[in-house]
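The residues making up each chain are set out below.
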Amino acid sequence: MRLRHVLCVIVPCLPLAAAAQGQPVVVPPGALLEPLGGDWPSYSGDYTGQRHSALRQIDKESVRHLTLAWTTQMNYSVRGRGGLAGAGGGFATQVGGEGTGAIDVSGGAIKGSVLEVDGILYVTAPDHAWALDARDGSELWHYHWETRGGTHIGSRGAAIWNDSLFFETPDNYLVSLNARTGEENWHVEIASFEEQYFSTMAPIVIGDKLMVGTGNDLDQPGFLQAFDPATGELLWKFYTVPMTADSPGIETWPNVDSASHGGGQVWVPGVYDPETNYYLFGTGNPSPGYTGAGRPGDNLYTCTLIAVDVATGEMAWYFQSSPHDTHDWDSAQTPILFDGVIDGEPRKLVSTAARNGYFFTLDRVTGEPIVSVQYSKHANWSLGERDNGSPEPNPGKEATIPGSLVSPVEGGVTNWQPSAFSPQTGLFYAHENSGYNILYLTDPDPRGSMGLGGKRASFVGNLDSAFDAIDYRTGEIVWRHPWPNGVMVGAGVLTTATGLVFTGDGNNNMVAFDAGNGELLWHTRIGNMSNTPQTFLVDGRQHLLVAVGERLYSFVLY
Amino acid sequence: MPCATAKTTPPEQTMHKTIIWAACAASAFVGIAVAQDTTGGPRIEIANPNATFPAQQRALASADVIERGNGLYQVNCMACHGRDLRGGDQGGPNLLRSDVVLNDVEGEVIGELVRNGLNRMPANTSLDADAIRSIAGYIHSVLATAQGQGAPPRGVEYDLDIVVGDARRGERYFNRECAMCHSATGDLAGIATLIDDPVNLQNSWVAGRRQGRGGGPAPVQIVTVTQGDGSSVSGELVRYDDFFVSLRAPDGGYRGYSRVGTGVTIAIEDPLAGHKALWPEIEDDEMHDVTAYLETLK
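Remember, predicted model here, so these are calculated numbers, not experimental data.

Conventions adopted
- Residues numbered from 1 in each chain as written.
- Chains lettered and ligands numbered in written order.
- Predicted model: local features only at pLDDT ≥ 70, side-chain atom pairs only at ≥ 80, totals over all residues.
- Helix = DSSP H or I, 4+ residues; strand = E, 2+ residues; numbered from the N terminus.
- Contact = placed C-beta atoms within 7 Å.
- Rg over C-alpha atoms; globule rule 2.2 N^0.38 Å.
- Buried ≥ 20, exposed ≤ 12 C-beta atoms within 10 Å, placed from the backbone.
- Nonpolar A, V, L, I, M, F, W, Y, C, P; charged D, E, K, R; others polar.
- Axes fitted to C-alpha atoms, helices over the stretch in contact; angles between N-to-C directions.
- Parallel < 35°, antiparallel > 145°, perpendicular 65-115°, else oblique.
- Left-handed = near helix turned anticlockwise from the far one by under 90°.
- Pairing = 2+ DSSP bridges.
- pLDDT = per-residue confidence, 0-100.
- Core = buried A, V, L, I, M, F, W, Y, C linked by C-beta atoms within 7 Å.

## Regarding the overall build of chain B
Assigned secondary structure in chain B consists of 13 helices and five strands. Pairs at least 24 residues apart make up 56% of the contacts formed inside chain B by residues separated by at least 6 positions.

## Quick word on the overall build of chain A
Helix and strand content of chain A: three helices and 41 strands. Taken over the C-alpha trace, chain A has a radius of gyration of 23 Å; the compact-globule value for 558 residues is 24 Å, and the two agree within 12%. Taken along its principal axes, the extent of the C-alpha atoms in chain A is 65 × 55 × 45 Å. For chain A, buried positions account for 61% of its 558 residues. For chain A, restricting intrachain contacts to residue pairs at least 6 apart in sequence, the fraction spanning at least 24 positions comes to 60%.

## Here's the deal with the interface of chain A and chain B
Tallying the contact residues gives 48 residues for chain A and 44 residues for chain B. Elements with a minimum of two residues in the side of chain A that touches chain B: strand 28 (404-406), strand 31 (435-441), strand 32 (455-462) and strand 38 (520-525) of chain A. Partitioned by chemical class, the residues of the side of chain A that touches chain B number 18 nonpolar, 22 polar and eight charged.

## A closer look at the packing of helix 7 (residues 108-116) of chain B against helix 8 (residues 129-143) of chain B
All names here are of chain B. For the pair helix 7 and helix 8, the least separation of the axes is 9 Å and the interaxial angle reads 120 degrees. As judged from the angle between their axes, helix 7 and helix 8 are oblique. Helix-helix and strand crossings are classified by hand; for helix 7 and helix 8 the assignment is right-handed. Across the interface between the two elements, Ile110, Gly111 and Val114 of helix 7 pack against Ala129, Ile132, Ile135 and Ala136 of helix 8. A class-by-class count of the residues in the contact of helix 7 with helix 8 yields six nonpolar, one polar and no charged.

## Some details on the pairing of strand 39 (residues 534-538) of chain A
Residue and element names in this part refer to chain A. A large share of strand 39 lies buried, amounting to four of its five residues. Inspection of the sheet shows strand 39 paired to strand 40 (residues 541-548) by five bridges, in the antiparallel sense. The residue bridging threonine 535 from the neighbouring strand is leucine 544, located in strand 40.

## Observations regarding the environment of glutamate 112 of chain B
All names here are of chain B. Within the secondary structure layout, glutamate 112 lies in helix 7. Judged by C-beta crowding, with 13 C-beta atoms within 10 Å, glutamate 112 ranks as partly exposed. Taking the C-alpha atoms as reference points, glutamate 112 and asparagine 124, twelve residues apart in sequence, are found 9.9 Å from one another.

## Examining the pairing of strand 11 (residues 184-189) of chain A
Residues and elements named next belong to chain A. Where strand 10 (residues 173-178) lies against strand 11, five bridges are found, and the strand directions are antiparallel. Paired with valine 175 across the strands is histidine 187, a residue of strand 11. Between strand 10 and strand 11, which pair antiparallel one after the other, the connecting turn spans five residues, and glycine 182 there sits at a positive phi close to 80 degrees.

## Description of the confidence of the model for chain B
Scored by pLDDT, chain B has a mean of 84; 83% of the residues are at 70 or more. Under the prediction, the complex receives an ipTM of 0.92, its pTM being 0.91.

## Re the sheet that holds strand 11 of chain A
Residue and element names in this part refer to chain A. Strand order in the open sheet formed by four strands is 8-9-10-11, with antiparallel pairing between adjacent strands. Only two strands of the sheet have a single partner each, and these edge strands are strand 8 (159-161) and strand 11. Going from strand to strand, the sheet's axes swing by 20 degrees on average, the running direction of each strand aside.

## So, the nonpolar core
Membership of the largest hydrophobic core comes to 133 residues, with the highest contact counts inside it found for Tyr122, Ala158, Ala159, Ile160, Leu210, Tyr279 and Phe428 of chain A. Ranked by residues supplied to this core, first place goes to strand 5 (residues 120-125) of chain A with five residues. The next biggest cluster of nonpolar side chains, apart from the first, holds 59 residues, and it includes Val65, Ile139, Ile191 and Val290 of chain B.

## Observations concerning the sheet that holds strand 20 (residues 304-309) of chain A
Residue and element names in this part refer to chain A. Taken in spatial order, the four strands of this open sheet run 18-19-20-21, and their pairing is antiparallel. Strands at the two margins of the open sheet, each flanked by one partner only, are strand 18 (271-273) and strand 21 (315-320). For this sheet, the mean inter-axis angle between neighbouring strands, taken without regard to orientation, is 20 degrees.

## Thoughts on unusual backbone geometry
All names here are of chain A. Put simply, leucine 300 and tyrosine 301 share a cis peptide bond, and its omega is 0 degrees. Here the residue pair serine 407 and proline 408 is connected by a cis peptide bond, since its omega of 0 degrees sits within 30 degrees of zero. Relative to the helices and strands, proline 408 resides in the loop between strand 28 and strand 29 (420-422). Although it is not a glycine, aspartate 464 adopts a positive phi angle of roughly 65 degrees. One non-glycine residue, asparagine 508, lies in positive phi territory at about 75 degrees. Position of asparagine 508 relative to the elements: it lies in the loop between strand 36 (500-504) and strand 37 (509-514). Judged by the 16 C-beta atoms lying within 10 Å of it, asparagine 508 falls in the partly exposed class.

## Section: the packing of helix 11 (residues 198-207) of chain B against helix 13 (residues 284-294) of chain B
In a packed pair of helices, the relevant descriptors are the angle between the two axes and the axis-to-axis distance. All names here are of chain B. Closest axis-to-axis distance for the helix 11/helix 13 pair is 10 Å, and the angle between their directions is 115 degrees. Of the two possible hands of crossing, helix 11 and helix 13 adopt the one that is right-handed. Contacts between helix 11 and helix 13 pair Pro198, Leu201, Gln202, Trp205 and Val206 from the former with Met287, Val290, Thr291 and Leu294 from the latter.

## Thoughts on the environment of serine 199 of chain A
Residue and element names in this part refer to chain A. Tracing the backbone shows serine 199 in the loop between strand 12 (197-198) and strand 13 (204-206). When the 29 C-beta atoms within 10 Å are taken as the criterion, serine 199 is described as buried. In this structure serine 199 touches Glu168, Thr169, Pro170, Asn172, Ile190, Ala191, Thr214 and Gly215, once residues within four positions along its chain are discounted.

Right, dumping it as structure tokens:
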């Protein structure tokens, strides 16, 4: 711990501590059990992952009157006094980290959820965290992490437990800040920097535990960890691939060396079912990504939806959405929990739309597969579904020396950008990106390559990309909005109780659909969104927030 | 770019290439060091995320040490771990993703394992500390040249022939599916000379736009915009979405139209429509056949 932090521990920030006295905590963990309402206190807003807001001010009529309340370019400056929109009087930028300060990461798009609690926004980017006033976008505090390095691909957001705010850094620290002041409480290392892990996930608070995932491109094993949010103590660690000769799933790998270098990273937040105490999350691709010759078998538990018991970190059930993936199609996307009706029977369900172009509905208690449907019109890598619902990969669509024409492209039919669900329409809303590339095997070595090496992917083109409303009971597309020129879209989705669906169109517009029929009701051309639209109340008024690169836009109805 | 030179090294000159690897690694490190000296200067992009991990950040051993380590590696380690360190015929694991190597700085972790052995690896007490430091220095010099997203260092450059199809079958496919727009003696005469890399040739004909060297954007689409009063104008499509369309009219003028509540309708002629119809239908064998046929059009 460096000197400035030591000082803060010895003299525990007295004025700020006093300011906090008598105030309720920022987010008591029990509040996270509530359905999405006036605040947005966690990655998905609530534990279901539905991204379905109960707020009713913005509806099919009033949506056209949305007004831009403010826009703010995030302040990445690591020196001088930040705060209060440069007007002075704010807190100085807090600086922490284990780096030397030599690597200056003064930028990076907002790719995560923004948290909103009681009129304060909590925003993250790689090596940065901020608090803003939700009323006008003014900066209240700014924390900068001096990095050791690592892959600075994004930050998916923060978590709040009581008065502490948590985020992960690209060089693999879990950082705990005082949510009111931005001052650091502590930081702990969560994965090995030497082994080339990098961390992007938004931590998820469940009671007195923090779910923490990380990422890696160098054939290292994936894992989910639970930490004590008070102390940073590691409580359990769940590997997503077999690490020993007697680990479950080892029969789907040639040997322990292959399995324990098999990837399956946990880089996108999952969801939580309080009734079972299961945390449900998806895992990334097996490694090496494109050269599967050295890892024959299904490669469990990569590209898999997993339920773990939060109390113990033990796996309750799993469902593999891409056995033996050879296209870097992670299945790490956030699944969605809801109650529905299947064949006349009420069921507790989970649905997910995967990067490989499949839509799945399962029993979220038992993991029983109910629907397994390729919803992508163009995906051409599957031979159909096995009896257990998992798709059967076509070995002919792996990278080959003379080239294999494959759809979708590397980015997938969907990706980490969250899909959404509306319990009112019973529809699951997801992007359907369609493109083709020719995959050439450039390293035919039978041992396989490493990481994402060994191939050349030549982009052919995109066509027919669309936004889909999917019936969770059948996987059928109820309505489908094709995007002009078939452009592929990387945007998350929000639904509301007033029958709206917000997302991006890949042509720099944020758009609102009628959730029931797909009619376009509103748009604003602010640039392609880099995260997902969110909504909450500030002083009783419903706001709509989205990030475009390094800039936030907040819309409101007056 | 660092290590581009390795690519041009003939594969048989393995020793030579190894030395180039080391030199590349050294220059890559210098690049990082320079960047770190500019603290307080202008914004520094992390353009190569690969260079931000310790295996690529750390200082290399001297060229002499690396050279000695290379020799010792070949005698003591290569049989099991491979010439390229990615695992060998005797079953030794890939060292470039090994926890032992990644957590080692100058032989302290590697040395302990060498002296004590592990699993099927026998203990070796004949290598002294200096020898182990040299071997570690060599291994780290190779690891330092690893590429982005976990890809290994550029090693053997395979001469991969992608032209495996049957040209006569390809000609029949061409005559059936392509000849309504293209001609082997017309627009495609000499195409294999113009695009002399078969990979680029295949990418180009499938996509419908030239790729690789000399490549360009997709051919322009023609849009016809009809307004509420029935008047219409056609031109080169500039941009459109669900709310807007713009074009370059034949007179060179720019026109933009709102599509929201204006009664504007659009019709687009896509010169790539034929290619796009092909993508979901064509089998890979057919694609290879057509490429083989086009390769005959020198």
